[in-house]
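# Commentary on secondary and tertiary structure
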Amino acid sequence: MAHQITSASNPLIKTLKSLHAKKGRAETGLFLAEGARLAVEAADLGVWPEILLFSPAAMTREQVRALIDEAERRRVRTIETSETVLAQISKRDNPQTVIGAYRQKLSTLDDLEGATIVALEGVRDPGNLGTILRTADSTGAGGVVLIGESCDPFSVEAVRASMGSLFAMKLARASFDDLMHYKSTRGAKMFGLSLKGGPLDPGTPAPARAIVLMGNEQSGLPEYMEAACDHLVKLPMRGRADSLNLAIATGVMLYDLWRRRGYDGARA
């Protein structure tokens with residue numbers, strides 16, 4: 001049975017509000033995901049929140065009622081609260097009627113399978129990171145690896161931008177040496193984006209296993225990482241723009257590799 005909390009000064013609500021800060025996420029190991037659609041998609045993948053909050057308005061939707069009933073059967077802590085409290089938790093004037101607090105989870109490199117994985121060196125923008133997770137999910141990538149210092153993939157901004165793909169994609173943190181060991185043991189070819197590179201022959205087939213290595217949007221890949229790549233790729237440009245946003249450039253690479261595999265596994 002759901003508990004009711006109507007006060008924004010309740011200790012649990014204060015804890016949930018703290019998840020907007022990296023310190024709060026680090027101390028609790030939790031992160032926020034907003035919206036019934038995300039909660040339902042996560043549940044379909046077998047991922048359930050530790051705490052599920054909802055407004056009375058949410059209960060008018062059959063799908064949400066079913067979600068809450070199943071969450072309670074799974075001993076998820078369910079909380080009915082007001083839209084005012086939900087707005088304070090989400091820090092939005094028009095909050096979602098369902099918010100979940102989920103346990104953070106990272107995979108290891110050995111957990112990552114699939115024809116292509118993405119490795120990001122020093123990604124700083126959580127919106128870019130979330131969008132890359134979503135694009136990697138859309139193209140059937142086997143996972144995303146964070147190399148070096150990066151923004152927090154469990155920040156509210158990254159989770160929002162991933163549109164639920166954070167629950168579907170395997171996400172790992174690793175050193176570059178670990179990535180190189182993975183590359184060697186899996187027989188993967190590594191494609192790095194660089195201004196020093198050149199275009200790929202459009203007719204060249206994709207390797208059986210590929211790593212798409214992307215650098216920091218401001219500084220690009222360090223020289224030693226470029227030297228470790230099998231292919232340095234420079235995306236062709238036609239107009240006045242001389243560069244692409246990190247998430248878009250990653251998407252171009254992922255879709256090009258998928259195209260070279262005949263869009264295997266694509267839904268009709």
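This text follows the structure it describes.
Residues numbered from 1 in each chain as written. Predicted model: local features only at pLDDT ≥ 70, side-chain atom pairs only at ≥ 80, totals over all residues. Heavy atoms only, no water.

### Observations regarding the pattern of salt bridges
Test applied: One speaks of a salt bridge when a side-chain nitrogen belonging to Lys or Arg is within 4 Å of a carboxyl oxygen belonging to Asp or Glu. Helix numbering and strand numbering both begin at the N terminus, where a helix is a DSSP run of H or I of at least 4 residues and a strand a DSSP run of E of at least 2. Relative accessibility under 20% of the residue-type maximum defines a buried residue, over 50% an exposed one, and the middle range a partly exposed one, all with a 1.4 Å probe and only protein chains included.
A complete count under the given rule lists 13 salt bridges for this structure. Arg103 serves as the salt-bridge partner of Glu50, at 2.9 Å between the closest nitrogen and oxygen. With Glu50 in the loop between helix H3 (36-44) and strand E3 (51-54) and Arg103 in strand E5 (residues 98-103), this residue pair connects regions lying 53 residues apart in the sequence. Of the residues examined, Arg103 reaches a relative accessible area of 41% and is grouped as partly exposed. In this structure, Arg73 engages Glu70 in a salt bridge whose closest nitrogen and oxygen atoms are separated by 2.8 Å. Taken together, the residues Arg73 and Glu70, both in helix H4 (residues 62-73) and three residues apart, mark about one turn of the helix. The exposure class assigned to Arg73 is exposed, which follows from its relative accessible area of 60%. A single salt-bridge network, built from bridges that share partners, covers Glu70, Arg73 and Arg74.

### Topic: the sheet that holds strand E7 (residues 144-147)
What counts here: Criterion used throughout: strands pair if DSSP finds at least two bridges between them. Axis definition: a line fitted to C-alpha atoms, over the contacting stretch in the case of helices. Angles run 0 to 180 degrees between N-to-C directions. In what follows, a contact means two residues having at least one pair of non-hydrogen atoms within 4.5 Å.
Pairing is parallel in the open sheet, where six strands are placed in the order E8-E7-E6-E10-E9-E11. Two strands in the sheet have a free side with no partner beyond their single neighbour: strand E8 (171-174) and strand E11 (231-233). Taken pair by pair, the neighbouring strands of this sheet meet at an average axis angle of 30°, ignoring direction. Of the pairings in the sheet, the one linking strand E6 (residues 116-121) to E7 comprises four bridges and is parallel in character. Within E7, the residue paired with Leu120 across the bridge is Leu146. The strands touched by helix H11 (residues 246-260) are E6, strand E9 (189-198), strand E10 (210-214) and E11; relative to E10, the strand with the most contacts, the crossing angle is about 165°.

### Here's the deal with the layout of surface pockets
Quick note on the threshold: Only protein atoms enter the 1 Å grid, on which a cavity is a set of points fitting a 1.4 Å probe that cannot get out and a pocket is an open set with protein on both sides within 12 Å along at least 5 of 7 lines, lining residues being those with an atom within 4 Å of a point. Grid points are joined across faces, edges and corners, and a volume is the space filled by probe spheres set on the points.
A volume near 500 Å³ is recorded for the largest pocket. Along its surface, the largest pocket is lined by 22 residues, and Leu193, Ser194, Leu195, Gly220 and Ser243 are the ones closest to its centre. Of all elements in the fold, only E9 and H11 reach the threshold of two or more residues within the lining of the largest pocket. Ranked by residue count, the leading element in the lining of the largest pocket is E9, at four residues.

### A look at the nonpolar core
In globular proteins that are soluble, nonpolar side chains generally tend to be buried together. Operational definition: The set of buried Ala, Val, Leu, Ile, Met, Phe, Trp, Tyr and Cys residues whose side-chain atoms join them within 4.5 Å is what this entry labels a nonpolar core.
Phe31, Val98, Leu120 and Val144 are the most contacted members of the largest nonpolar core, which has 50 residues in total. In terms of nonpolar packing, the next biggest core, distinct from the first, is built from 18 residues, Ile147, Ala172, Ala174 and Leu213 among them.

### Notes on the pairing of E5
Counted residue by residue, E5 has five buried out of six residues, so it is predominantly covered. As paired elements, strand E2 (residues 30-34) and E5 share five bridges and run antiparallel to each other. Bridge pairing in E5 links Ala33 to Gly100. As judged from the four bridges shared by E3 and E5, these two strands associate in the antiparallel manner. Note on E5: the bridge partner recorded for Phe54 is Val98.

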